Amino acid sequence: MLTEQQREIVKATVPALKMHGETITRTFYDAMLKAHPELLNYFNPANQRGEGGQARSLAASVLTYAENIDRLGNLGSMVERIATKHVSLEILPEHYPIVGRHLLGAITEVLGEAATPEILNAWAAAYGQLADVMTGRERDLYAETSTQPGGWAGFKPFRVVRRVRESEVMTSFHLVPADSVPLPAFRPGQYVSVKVHPPSYDYEQVRQYSLSGVPDGRHYRISVRREDAPAGAPNAPAGLVSGFLHDAVQENDTLLVHVPVGDFVLDETSDRPVVLISGGSGITAVLAMLEHLVANTQREVVMLRGVRSRARHPFAERVRELARQRPGVRSITLYEAVGPGDVQGEHYDAIGRTTAEAIRHYLPESEADFYYCGPIGFMTAAESALDELAVPLNRRHSEAFAPDPSFVTGSPDPGLLGQAA
Ligand SMILES: Cc1cc2nc3c(=O)[nH]c(=O)nc-3n(C[C@H](O)[C@H](O)[C@H](O)COP(=O)(O)OP(=O)(O)OC[C@H]3O[C@@H](n4cnc5c(N)ncnc54)[C@H](O)[C@@H]3O)c2cc1C
Ligand code: HEM
């Protein structure tokens, strides 16, 4: 428990620490990963790049927490989102003291001579309090997911029974559990994690993939977009895990899969119309939601997709079919680039991106709930579009296909910006 004086000290030192966010991040990660190289099995090297905005998520969220130390109730959704992500990665209580030690080391370095024992004690107490909140929520999530019918702990072997090419860059993997135990249901929008060891890398890596199909108790489907090196960084490596899955994982191979988790799910208590907006690979989570809404509800649905071009337009036929299945469901596809054979009304509906203007054009008449999902650049654009349309925060639900940038103090890495991928 923090004393009043410790709370004041933490608040007073946040501005100085925020000013040096980059140094904190660098010092923290470099020292921690050097002392504990086994943690490289958990962290994604692409998120640790110096200029990468996402690299700051962990340290920045600690600073956000410290800023709000008098109003911890404000942080409920942040804790839920991070705890869920941690559970998908199998982060355990014994990892917390390691992170705490190195965060404190980074704070000491940034504050220099100003880092008095009182200041360091206050920060240690603050981190300890946050770690208690996080590990408490994670313990409950681990218990819920492993003890549900069909649930399991850790990563369990699944066989790839089918690979389907969905577009030039997206491939679906149909996965059945090697032990044939019936699978737990999941909620549309949730994701599994996959743990692999690409031969080009010294460590294991875990990535999250949304479940793009509907629960049937027998198999899960994930749909993976191959990540190329960003246009602005042609010498950068291509995506590690998506490349490995595309190039090396064939039918009958085994993948290690984590039980589904995720808080990007439909609010089933609402009967308002639903606007589903996706950019590029974000279609996966939103497609599962569309399947559910069409089959199980009478809610009005508007599905708006940003797609780069016809060659990168997965699930086109399935979305059209779903939109035809019942009245009140509209699907609008926006192409960034139209090719010679592309027919408006058949392949796409309009040219452009999912801007506020485009969204406004297709909005339902009554107030709607908004669900949007995709890569970081798309999410930033979608947030500003919804701001422009004055959509209240309590009607927005989102999932970024990368560490959540909303905890980040600096601007996102332009190399990862691209509306539709
Ligand atoms: C909740 C959630 C759900 C998701 N669902 C899906 C889904 O359904 N389908 C899907 O396809 N993806 C999904 N993702 C994204 C997925 O988890 C991976 O992030 C994605 O596959 C990329 O992983 P990777 O290992 O291939 O790329 P990484 O190795 O993580 O690289 C990411 C990008 O950074 C670039 N990069 C790497 N190193 C450098 C460098 N040094 N300099 C510059 N650039 C660099 C790479 O070229 C690549 O473009 C989801 C993510 C989350 C968080
Ligand atoms: C109070 C302590 C912690 C806080 C506040 C915190 C915060 C965060 C945040 C904000 C993210 C990004 C979430 C997102 O993707 O949206 C994250 C991701 C992550 N965290 Fe934590 N974290 C803490 C402790 C830990 C610990 C103890 C570990 C284990 C060593 C850990 C490992 C990770 C990993 C591996 C990721 C994914 C990032 C990547 O892929 O590189 N975190 N954490």
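Participant: Outline the overall build of the protein chain, supporting the account with residue identities and numerical values.
Facilitator: In terms of regular secondary structure, the protein chain is built from eleven helices and twelve strands. The C-alpha radius of gyration computed for the protein chain amounts to 22 Å, which stays within 12% of the reference 22 Å derived for 421 residues, consistent with globular compactness. Its C-alpha atoms put the protein chain at 65 × 50 × 45 Å along the principal axes. Burial status across the protein chain gives 54% buried among its 421 residues. Accessible surface for the protein chain amounts to roughly 18500 Å². Of this, 53% is attributable to carbon and sulfur atoms. Looking at the protein chain, you have 40 positive and 51 negative side-chain charges, and the mean spots of the two groups are 4 Å apart.

Participant: With reference to specific residues and values, describe the coordination of the iron atom of ligand 2.
Facilitator: Here the protein supplies the iron atom of ligand 2 with just one donor, His86 (NE2), and that contact is 2.1 Å long. Following the sequence through the fold, His86 ends up in helix H4 (residues 76-89).

Participant: A description of the packing of helix H2 (residues 21-35) against helix H5 (residues 96-111) should follow, citing residues and the corresponding values.
Facilitator: Contact pair H2 / H5: the axes reach a minimum separation of 8 Å and the direction vectors enclose 135 degrees. Our classification of the angle between H2 and H5 gives oblique. The way H2 lies across H5 gives a crossing that is right-handed. Note on element contacts: H5 touches H2 through Ile98, Val99, His102, Leu103, Ala106, Glu109 and Val110, opposite Thr23, Ile24, Thr27, Phe28, Ala31, Met32 and Ala35.

Participant: Can you tell me about the nonpolar core, naming the residues and giving the values?
Facilitator: Membership of the largest hydrophobic core comes to 46 residues, with the highest contact counts inside it found for Val10, Leu17, Met32, Tyr65, Leu103 and Trp123. Mapped onto this core, the elements with two or more residues apiece are helix H1 (4-19), H2, helix H3 (57-67), H4, H5 and helix H6 (117-147). Of all the elements, H6 adds the most residues to this core, at nine residues. When residues are assigned to domains, this core turns out to be shared by domain 1 (4-147) and domain 2 (155-258), each giving three or more. Sequence-distant contacts of Leu17, defined by excluding residues within four places in its chain, comprise Ile24, Leu63, Ile107, Val110, Leu111 and Trp123. Core analysis: the next-biggest nonpolar cluster, separate from the first, contains 23 residues, Leu334, Ala358, Ala382 and Ala400 among them.

Participant: Talk me through the sheet that holds strand S3 (residues 191-196); I want residue IDs and the actual numbers.
Facilitator: Reading across the sheet, the six strands line up as S4-S3-S6-S1-S2-S5 and stay open at both edges, with antiparallel pairing between neighbours. Two strands lie at the open edges of the sheet, namely strand S4 (205-210) and strand S5 (220-225), each paired on one side alone. When strand polarity is set aside, the average angle formed by the axes of neighbouring strands in this sheet is 40 degrees. Pairing between strand S1 (residues 155-165) and strand S6 (residues 254-258): five bridges, direction antiparallel. By the bridge assignment, Arg159 is partnered in S6 with Thr254. Against the sheet, helix H7 (residues 240-248) contacts S1, strand S2 (170-177), S3, S4, S5 and S6, and its axis sits at roughly 75 degrees relative to S4.

Participant: Which residues make up the domain arrangement of the protein chain, and what values go with them?
Facilitator: Assigned domains of the protein chain: these are domain 1 (4-147), domain 2 (155-258) and domain 3 (274-416). For domain 2 and domain 3, the distance between their C-alpha centres works out to 22 Å. Across the contact, 19 residues belong to domain 2 and 16 residues belong to domain 3. At the boundary of domain 2 with domain 3, total buried surface from both sides reaches about 1500 Å², with 64% on carbon and sulfur atoms. Area buried by domain 2 at its contact with domain 3 is led by Met170, Pro188 and Ser210, which between them contribute 28% of it. The interface formed by domain 2 and domain 3 contains two salt bridges. Residues Asp228 and Arg312 are paired through a salt bridge, measuring 3.8 Å at the closest nitrogen-oxygen approach. Seen at the junction of domain 2 and domain 3, the total is one residue pair in polar contact (both at pLDDT 80 or more).

Participant: Just give me the short version of the site of ligand 1, but keep the residues and values in it.
Facilitator: Near ligand 1, the surroundings consist of 30 residues, among which Gln208, Tyr209, Arg225, Pro237 and Ser242 are the closest. Here Arg225 contributes a backbone N or O atom positioned 2.7 Å from an oxygen atom of ligand 1. Note that an oxygen atom of ligand 1 is positioned 2.7 Å from one of the backbone N or O atoms of Pro237. In the complex, the protein chains occlude 89% of the 970 Å² of accessible area that ligand 1 would expose alone. Taken together, the residues that form the shell around ligand 1 break down as 15 nonpolar, eight polar and seven charged.

Procedures and definitions
Residues numbered from 1 in each chain as written. Chains lettered and ligands numbered in written order. Predicted model: local features only at pLDDT ≥ 70, side-chain atom pairs only at ≥ 80, totals over all residues. Heavy atoms only, no water. Helix = DSSP H or I, 4+ residues; strand = E, 2+ residues; numbered from the N terminus. Rg over C-alpha atoms; globule rule 2.2 N^0.38 Å. Buried < 20%, exposed > 50% of the residue type's maximum accessible area, 1.4 Å probe, protein only. Areas by Shrake-Rupley, 256 points an atom, 1.4 Å probe, with all protein chains shown as cover. Lys, Arg positive; Asp, Glu negative; His and termini not counted. Charge placed at Lys NZ, Arg CZ, Asp CG, Glu CD. Donors = N, O, S within 2.8 Å, 3.2 Å for Na, K, Ca; no water. Axes fitted to C-alpha atoms, helices over the stretch in contact; angles between N-to-C directions. Parallel < 35°, antiparallel > 145°, perpendicular 65-115°, else oblique. Left-handed = near helix turned anticlockwise from the far one by under 90°. Contact = heavy atoms within 4.5 Å. Core = buried A, V, L, I, M, F, W, Y, C linked by side-chain atoms within 4.5 Å. Domains from an automatic or database assignment. Pairing = 2+ DSSP bridges. Buried area = accessible area lost by both parts, 1.4 Å probe. Salt bridge = Lys/Arg side-chain N within 4 Å of Asp/Glu carboxyl O. Polar contact = N/O pair within 3.5 Å; in protein donor to acceptor, adjacent residues only side chain to side chain. Near = heavy atom within 4 Å. Nonpolar A, V, L, I, M, F, W, Y, C, P; charged D, E, K, R; others polar.

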